[in-house]
Amino acid sequence: TRSTRPQRLLKAVQKHATRGDPQSVISAIDHFCRHSEWAMNIGDEKGSILDSVVSEVNPEKVLELGTYCGYSTVRIARLLPPGARLITLEFNADYAAIARQVIIWAGLEDKVQLVEGASEDWIPRMKEHFGIETFDFVFLDHWKDRYLPDTKLMEDCGLLRKGTVLLADNVICPGVPDYLAYVRNSLSYKSCYFKSHLEYTKAEDGLEKSVFLG
Ligand SMILES: O=C(NC/C=C/[C@H]1O[C@@H](n2ccc(=O)cc2)[C@H](O)[C@@H]1O)c1cc([N+](=O)[O-])cc(O)c1O
Ligand SMILES: [Mg+2]
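Residues numbered from 1 in each chain as written. Chains lettered and ligands numbered in written order. Predicted model: local features only at pLDDT ≥ 70, side-chain atom pairs only at ≥ 80, totals over all residues. Heavy atoms only, no water.

Hey, could you run me through the environment of Ala77 in this one?
In this fold, Ala77 is placed in helix H4 (residues 71-77). Ala77 sits in the buried class, given a relative accessible area of 0%. Excluding its chain neighbours within four sequence positions, the residues that come into contact with Ala77 are Leu86, Leu108, Lys111 and Val112. (Helix = DSSP H or I, 4+ residues; strand = E, 2+ residues; numbered from the N terminus. Buried < 20%, exposed > 50% of the residue type's maximum accessible area, 1.4 Å probe, protein only. Contact = heavy atoms within 4.5 Å.)

Quick look at the structure:
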C-alpha cells in the first residue's frame, strides 16, 4: 500500500541528511516540505523565532506538546545545554515511530524522551513518573483545542514556575482564539506576539510567547 507522508519525510531525511548533524536534518525536512510535500512542521521562518526564544531561555527542563515528525523536537534539542532534557508528547503511534527515527538520525536521542499518549493523561503524571518539579520552557503545537485546557492543567499540576516560558505555534493559522484571549488577559501571564508566516507559505501566522508570573 502507498506510504504515508511522514514515512516519505523520514526517507528524505535518511537520504539527504547526515547522521548526527541536526542542522542537516532540519534542512532536509524544510527542503522536502517546500519542494515535495507540505507538512505541518513549524518550518524555517517560525523555527528561527523558536530558536531565538529557546536560546534566550536556555532551559534545563522542556515540554513539547505535539511531536508529529520531530522537526521542532530536533530544533529545540540541538540548542539545549548538556544535561538538559526535553519531554515530547505524541498521541499518534505512527507519527511517534517516525519521530523517534528522525530524532535518532539527528543524534539527539540522549536529550529527548518521546512519550506516546494524550497530553491530558500525561501532564498530571509528570512529577511522579518523570521526576519533574517544574518546566522552564513549554512549546505548544498539538491539537489547537487543547492549548487552553492543557495550560490550565499545567497550572493546576504546579508544573509552571515564576518565569516559565510558554511558546505557542499557530496562534493565527489555524488559530487558537480561546488560548490567546486567556494568556493576553490573565494577570498571571506577560504575553507577546511574534508575527510570521504559516510554514512554507505566504499566509500570516505567528507565535505567542507567554511568561508565567506565578
Ligand atoms: O493542526 C495542526 N497541528 C495539530 C498537531 C497535532 C499533533 O499533536 C499530536 N498530539 C499530541 C498529544 C496530544 O495530546 C494530542 C495530539 C498529534 O498526534 C499530532 O502529531 C496544524 C495545522 C496547520 N495548518 O496549516 O493546518 C499548521 C500547523 O503548524 C499545525 O500545527
Ligand atoms: Mg504548528
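What am I meant to see in the site of ligand 1 here?
The local shell around ligand 1 holds 21 residues, among which Glu90, Ser119, Asp141, Asn170 and Glu199 are the closest. Taken by itself ligand 1 offers 660 Å² of open surface, and the protein chains cover 87% of this. Across the shell around ligand 1, the residue classes break down as 10 nonpolar, 6 polar and 5 charged. (Near = heavy atom within 4 Å. Areas by Shrake-Rupley, 256 points an atom, 1.4 Å probe, with all protein chains shown as cover. Nonpolar A, V, L, I, M, F, W, Y, C, P; charged D, E, K, R; others polar.)

Even after reading the chapter, I still don't get the packing of helix H1 (residues 5-16) against helix H5 (residues 93-105), so can you show me in this structure?
Helix-helix packing is characterised by the crossing angle of the two axes and by the distance between the axes. Closest axis-to-axis distance for the H1/H5 pair is 10 Å, and the angle between their directions is 10°. Regarding the angle of H1 to H5, the classification is roughly parallel. Touching Pro6, Gln7, Leu9, Leu10, Val13 and Gln14 of H1 are Tyr95, Ile98, Gln101, Val102 and Trp105, all from H5. A class-by-class count of the residues in the contact of H1 with H5 yields 8 nonpolar, 3 polar and no charged. (Axes fitted to C-alpha atoms, helices over the stretch in contact; angles between N-to-C directions. Parallel < 35°, antiparallel > 145°, perpendicular 65-115°, else oblique.)

Mind showing me how you'd approach the sheet that holds strand E4 (residues 135-140) here?
Sheets are built from strands paired through backbone hydrogen bonds, the pairs being either parallel or antiparallel. The strand order across the open sheet formed by 7 strands is E3-E2-E1-E4-E5-E7-E6, and the pairing between neighbours is mixed. In the strand order of this sheet, the two ends are held by strand E3 (112-116) and strand E6 (189-197), each with one partner. Adjacent strand axes in the sheet meet at a mean angle of 15° when their direction is disregarded. Helix H3 (residues 43-57) rests against E4, strand E5 (160-168), E6 and strand E7 (204-212) of the sheet, and its axis sits at about 150° to E6. (Pairing = 2+ DSSP bridges.)

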